[in-house]
Amino acid sequence: SSNRTGSSPLIFILTGIPSLPISSCWMALPLCCLYLLMLLGNCTLLWMIKTDHSLHTPMYYFLSMLSVADLGLSLSTLPTMLAIFWFESTSLRFEACIVQMYFIHSFSVIESGVLVAMAFDRFVAICYPLRYASVLTSSLVTKAGGAIFMRGICVVLPVAVLIKKMPFCRPRVLSHSFCLHQDMLRLVCGDVRVSSLYGLTAVILTKGLDSLTILLSYIMIIRAISSIVSQEAQAKAFSTCISHLCAVLIFYIPLIGLSIIHRFGKRLPPLTHTLLADAYLLVPPVLNPLVYSWKTKQTRRRILILLCWRG
């Protein structure tokens, strides 16, 4: 087995949804609606933040980074998803599969990093409200954003380089409508220990540490909120974190579920793997703008009340 036989290109076959006909409009139409909703929601959110000068604060700068990551994550899967369900085209060249895999995992790491930055923003706003402006300066936000994007770009690059050099067995059928590292790795004919170990290490050092950092931030936030005497003030303080908590849950719950079933759910039906992977990549970009758009006015008002109360 090898990557190429003679001069013929290496081709992967993508899978739609098990037990559902590829050409089914019952899947194609909702899928298009989801992508349109994602584009409309995230672009509207970016436009609001750009045009409304009252939103030119660290919280909303981080929110704009989250929207960019959501757009990148969704647009990475868009070509193959639409090709499968609209045009019944399931084949994808090896090079294109690697590019798609790289962008999916890069934007996923970026989104995880942005969620950490947003948790730090909430921590400073609630625990040290009077120092908020001096701690989260424009320079710090810019540097943090650059570091988050560079981390996503650099951490995933070795994954793509390692898998590009590996031989693949036949049949080269992937389990999803897009290319994921774990899915491609199971089709390799050679030794995958280095690539698998690096992939696992990268996940632990990025999303693993990110989730622990977010958890630690909220432990300190809860301690700070519990020290407030007034229950009404406690409720208002905690309500400023609701949008971020929703974003964290809708990102990490499908991610954790997908990681668990990839390693321990070999006997589960293929539909379970497919639905969790689709939820991991499609649900956060659709729901994040809805959650934050709904909470924008309430959040701003409650932050101002909290700052006045703590002052």
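These numbers come from a predicted model, not from an experiment.

Looking at the packing of aromatic side chains
At step 1: On inspection of all chains with the given rule, the structure shows nine aromatic pairs.
At step 2: Their ring planes at 80 degrees and their centres at 5.8 Å tell us that Phe123 and Tyr128 sit as a pair that is edge-to-face.
At step 3: Residue classification places Tyr128 among the partly exposed positions, given a relative accessible area of 41%.
At step 4: Each ring, one from Phe251 and one from Tyr252, has its centre 5.0 Å from the other, and the planes form 90 degrees; the classification is edge-to-face. A single burial state applies to Phe251 and to Tyr252, both of which are buried.
At step 5: Taken together through their ring pairs, the aromatic side chains of Phe12, Phe94 and Phe168 make up a single cluster.
At step 6: One cation-aromatic arrangement involves Arg131 over Tyr128; the distance from NZ or CZ to the ring centre is 5.6 Å.

Some points on the environment of Ile256
At step 1: Within the element layout of this structure, Ile256 appears in helix H9 (residues 242-264).
At step 2: For Ile256, a relative accessible area of 48% puts it in the partly exposed group.
At step 3: Separated by 20 residues in sequence, Ile256 and Leu276 have C-alpha atoms that sit 9.7 Å apart.

Observations regarding empty space enclosed by the protein
Over the atoms, a rolling probe the size of a water molecule traces out where space has been left empty.
At step 1: Across all of its chains, the model carries one cavity of 30 Å³ or more by this definition.
At step 2: When its volume is computed, the largest cavity comes out at roughly 60 Å³.
At step 3: Among the elements of the structure, helix H3 (94-127) and H9 are those that each provide at least two residues to the lining of the largest cavity.
At step 4: At three residues, H3 tops the list of elements feeding residues into the lining of the largest cavity.
At step 5: Here the lining of the largest cavity is composed, by residue class, of three nonpolar, three polar and two charged.

Details of the nonpolar core
At step 1: Counting residues in hydrophobic clusters, the biggest one holds 86 residues, and the most contacted among them are Phe12, Leu115, Phe168 and Met184.
At step 2: In terms of residue count, H3 provides more of this core than any other element does, 20 residues in total.
At step 3: In this structure, Met184 is in contact with Phe12, Phe94, Cys97, Ile98, Met101, Ile163, Phe168, Leu174 and Cys179, ignoring residues within four places of it in sequence.

Focus on the packing of H3 against helix H5 (residues 138-164)
At step 1: In the contact formed by H3 and H5, the axes pass within 8 Å of each other and the chain directions differ by 150 degrees. The angle between the axes of H3 and H5 places the two elements in the roughly antiparallel class. When the axes of H3 and H5 are compared, the crossing they make is right-handed. In this structure, H3 uses Phe94, Ile98, Met101, Tyr102, His105, Ser106, Val109, Ile110, Ser112, Gly113, Val114 and Ala117 to contact H5, whose residues at the interface are Ile148, Phe149, Arg151, Gly152, Ile153, Val156, Leu157, Val159, Ala160, Ile163 and Lys164.
At step 2: Of the residues that constitute the contact of H3 with H5, the class distribution is 16 nonpolar, five polar and two charged.

What about the side chain of Asp210?
At step 1: In this structure, Asp210 sits in helix H7 (residues 193-226).
At step 2: Classification of Asp210 as buried rests on a relative accessible area of 6%.

Quick word on the UniProt feature "transmembrane region" (unreviewed entry) in the protein chain
At step 1: According to UniProt, the "transmembrane region" (unreviewed entry) feature falls on residues 12-40, 60-87, 99-120, 140-163, 241-261 and 273-292.
At step 2: The span residues 60-87 is 100% helical and 0% strand by assignment, and the distance between its end C-alpha atoms comes to 39 Å.
At step 3: Structurally, residues 140-163 comprises 100% helix and 0% strand, and the distance from its first C-alpha atom to its last is 36 Å.

Side note on the pattern of salt bridges
At step 1: Under the criterion given, the structure shown has five salt bridges.
At step 2: For Arg151, the salt bridge identified is with Asp210, shortest N-O distance 2.7 Å. Of this pair, Arg151 sits in helix H5 while Asp210 sits in helix H7, and the two are 59 residues apart along the sequence.
At step 3: Here Arg186 makes a salt bridge to Asp183, at a shortest N to O gap of 2.8 Å.

Conventions adopted
Residues numbered from 1 in each chain as written. Predicted model: local features only at pLDDT ≥ 70, side-chain atom pairs only at ≥ 80, totals over all residues. Heavy atoms only, no water. Phe/Tyr/Trp six-rings, centres within 6.5 Å; stacked < 30°, edge-to-face > 60°. Buried < 20%, exposed > 50% of the residue type's maximum accessible area, 1.4 Å probe, protein only. Lys NZ or Arg CZ within 6 Å of the ring centre and 35° of its normal. Helix = DSSP H or I, 4+ residues; strand = E, 2+ residues; numbered from the N terminus. 1 Å grid on protein atoms, 1.4 Å probe; cavity = no way out; pocket = protein on both sides within 12 Å on 5 of 7 lines; lining within 4 Å. Points joined across faces, edges and corners; volume = space filled by probe spheres on them. Nonpolar A, V, L, I, M, F, W, Y, C, P; charged D, E, K, R; others polar. Core = buried A, V, L, I, M, F, W, Y, C linked by side-chain atoms within 4.5 Å. Contact = heavy atoms within 4.5 Å. Axes fitted to C-alpha atoms, helices over the stretch in contact; angles between N-to-C directions. Parallel < 35°, antiparallel > 145°, perpendicular 65-115°, else oblique. Left-handed = near helix turned anticlockwise from the far one by under 90°. UniProt positions renumbered as here; feature names shortened; annotations may be inferred. Salt bridge = Lys/Arg side-chain N within 4 Å of Asp/Glu carboxyl O.

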